[in-house]
Amino acid sequence: MPPLTVGFDLDMTLVDSRPGIAAAFRALTAITGVPVDADAVVSRLGPPLRSEIARWFPPEQVESAVEAYRELYPAYAITPTLPMPGAVAALAAVRAHGGRVLVVTAKLGRLARLHLDHLGLAVDELAGDLFAEGKATALREHGATLYVGDHTADMVAAGAAGIPGIAVTTGPCSAAELRSAGAHVVLDDLTGFPAALGQVIRLALEQ
């Protein structure tokens, strides 16, 4: 079996960033005057920021709104964010098997790093600003053994990288949707990840 490297998505997989993201979008509304339903935004986290901004701002204002949101993000979004249930133990399980931890996220890398550092979630590699098949590039580059995420696009990424996808239903996608997208295993949350990781490793050793 090749060296173990486990990739994780960030938002709603490792961290619950909904309160912070909602606060950042409310701040964006305050400075731009453009009404954004922050509760609706955080109900569908996963796709790139630009696609969400484009729901609320006219095309000619999307890039400036993205820039403004990212400037607001450190002040509003980092402190309210918490680890998802089982996140700390999930990373520890990878280490216990002698593995490396990789985070691949649609979030800009420098902002993702603020979350990881604030919460003390130590990772070996971080790749940001990637979504769906785009994540597969980083997964292949870093030799990922499997990828863990909460969105159907994460399962698409795992499939495109040719590795198993482990899904958690802590994000916007149902278990059925995640299975249809190719999930190898579907968990309620990361508390079940250590056992699932052991199962995946045993199967790989048997092949």
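1. Looking at helix α3 (residues 49–56)
- Of all the residues in α3, the buried ones are L49, E52 and I53. Viewed along the axis of α3, the buried residues span an arc of 100 degrees, placing them on a single side of the element.

2. Considerations on the environment of A158
- Assignment of secondary structure puts A158 in helix α8 (residues 152–161).
- Among the residues examined, A158 registers a relative accessible area of 1% and is labelled buried.
- Remark: the alpha-carbon pair of A158 and A136, spanning 22 residues in sequence, is separated by 6.4 Å.
- In this view, A158 contacts L139, Y147, I163, P164 and G165; residues no more than four positions away in its chain are not counted.

3. Remarks on the nonpolar core
- Counting residues in hydrophobic clusters, the biggest one holds 29 residues, and the most contacted among them are V6, F8, L14, I166, L190, F193 and L197.
- Secondary structure elements with two or more residues in this core: β1 (5–8), α5 (87–96), β4 (100–104), α6 (109–119), β6 (146–149), β7 (165–168), β8 (185–187) and α10 (193–206).

4. Focus: the packing of helix α4 (residues 62–77) against α6
- Closest axis-to-axis distance for the α4/α6 pair is 11 Å, and the angle between their directions is 5 degrees. Classified by the angle their axes make, α4 and α6 are roughly parallel. Listed contacts from α6 to R70, Y73, P74 and A77 of α4 are R110, L111, L114 and H115.
- Its residues placed into classes, the contact of α4 with α6 shows 5 nonpolar, 1 polar and 2 charged.

5. Structural notes on the sheet that holds β4
- Pairing in this open sheet of 6 strands is parallel, and the strands run β5-β4-β1-β6-β7-β8 from one edge to the other. Each of the sheet's edge strands pairs with one partner strand only, and the pair in question is β5 (125–127) and β8. With direction set aside, neighbouring strand axes in the sheet form an average angle of 20 degrees.
- Both β7 and β8 contribute to a ladder of 3 bridges, which runs parallel. In the strand pairing of β8, V168 is matched with L187.
- On the sheet, α5 packs against β1 and β4 and is oriented at approximately 135 degrees with respect to β4.
- Across the face of the sheet, α8 comes into contact with β6 and β7 while running at roughly 175 degrees to β6.

Criteria and cut-off values
Residues numbered from 1 in each chain as written. Predicted model: local features only at pLDDT ≥ 70, side-chain atom pairs only at ≥ 80, totals over all residues. Heavy atoms only, no water. Buried < 20%, exposed > 50% of the residue type's maximum accessible area, 1.4 Å probe, protein only. Helix = DSSP H or I, 4+ residues; strand = E, 2+ residues; numbered from the N terminus. Arc of directions from axis to C-beta. Contact = heavy atoms within 4.5 Å. Core = buried A, V, L, I, M, F, W, Y, C linked by side-chain atoms within 4.5 Å. Axes fitted to C-alpha atoms, helices over the stretch in contact; angles between N-to-C directions. Parallel < 35°, antiparallel > 145°, perpendicular 65-115°, else oblique. Nonpolar A, V, L, I, M, F, W, Y, C, P; charged D, E, K, R; others polar. Pairing = 2+ DSSP bridges.

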